[in-house]
Amino acid sequence: MTCKEAERLIPVFIENQLNYRELEKFLDHIKNCPACMEEMSVQFLVAEGMKRLEDGGSLELEGELKNLLTDSKRALSKHRLFWRIGLGLEFGAVIIMLVMLVVYLI
Ligand SMILES: [Zn+2]
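Summary of the structure given here. (Residues numbered from 1 in each chain as written. Predicted model: local features only at pLDDT ≥ 70, side-chain atom pairs only at ≥ 80, totals over all residues. Heavy atoms only, no water.)

## Details of the pattern of salt bridges
Which entries qualify depends on this criterion: We define a salt bridge as a contact between a side-chain nitrogen of Lys or Arg and a carboxyl oxygen of Asp or Glu at a distance within 4 Å. Under the DSSP-based scheme used, a helix requires at least four consecutive residues in state H or I and a strand at least two consecutive residues in state E, with every element numbered from the N terminus. For the exposure calls, accessible area comes from a 1.4 Å probe over protein chains only, and a residue counts as buried if that area is under 20% of its type's maximum, exposed if over 50%, partly exposed in between.
For the coordinates displayed, the defined rule picks out 3 salt bridges. A salt bridge links Asp28 to Lys31, with the shortest nitrogen-to-oxygen separation between them at 3.8 Å. Here Lys31 and Asp28 lie together in helix α2 (residues 20-32), a separation of 3 residues that amounts to about one turn. On the basis of relative accessibility, which here comes to 60%, the residue Lys31 falls in the exposed class.

Take a look at the structure:
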């Protein structure tokens, strides 16, 4: 992912609307790109700060940003795990069908 692509995804990430494919690439990029990480932090602080001012909530945004990052990473690894289990189940079903087919043919 290029910085331009990452920048485009920042607002979507802040709204928590990235799909897993994009989220994976995005997190990967900001992990290795301090410029985009910085840009994301700034946009997050601005967006959340505005919301807080409107509804009078707390302004502990550093922690919130960390939460957003942690939650995103957690959601992504959960997604990967389910994906693997799903693949395993499918693979198992194919094996069972093959075995049944062989038994049937014999
Ligand atoms: Zn970048």
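## Topic: the nonpolar core
The test is simple: Buried residues of nine kinds, namely Ala, Val, Leu, Ile, Met, Phe, Trp, Tyr and Cys, make up a nonpolar core once their side-chain atoms join them within 4.5 Å. By the convention used here, residues are in contact when the closest approach between their heavy atoms is within 4.5 Å.
By size, the foremost hydrophobic cluster in this structure holds 18 residues, and its most contacted members are Phe13, Phe26, Leu27, Ile30 and Met40. Breaking this core down by element, the ones donating at least two residues are α1 (3-14), α2, α3 (34-55) and α4 (61-105). For this core, the leading source of residues is α1, giving 5 residues. If we ignore the near neighbours within four places in the chain, the residues touching Phe26 are Met1, Ala6, Leu9, Ile10, Phe13, Leu18 and Met40.

## A look at the coordination of the zinc ion
To be explicit about the condition: We call an atom a donor if it is N, O or S and sits within 2.8 Å of the metal, or 3.2 Å for Na, K and Ca. Water is not counted, so some sites may look partial. Here the metal geometry follows the donor angles, with tetrahedral for four donors whose angles all fall between 85 and 135 degrees, square planar for four and octahedral for six when opposite donors are more than 155 degrees apart and every other angle is between 65 and 115, and irregular for all the rest.
Each protein donor to the zinc ion is listed here as Cys3 (SG), His29 (NE2), Cys33 (SG) and Cys36 (SG); together their distances run 2.0 to 2.3 Å. Note that the zinc ion binds 4 donor atoms; their angles at the metal cover 98 to 114°, and the shape is tetrahedral. Going along the chain, you hit the donors of the zinc ion in the pattern C-x25-H-x3-C-x2-C. Of the two residues examined, Cys33 and Cys36, each falls in the buried class.

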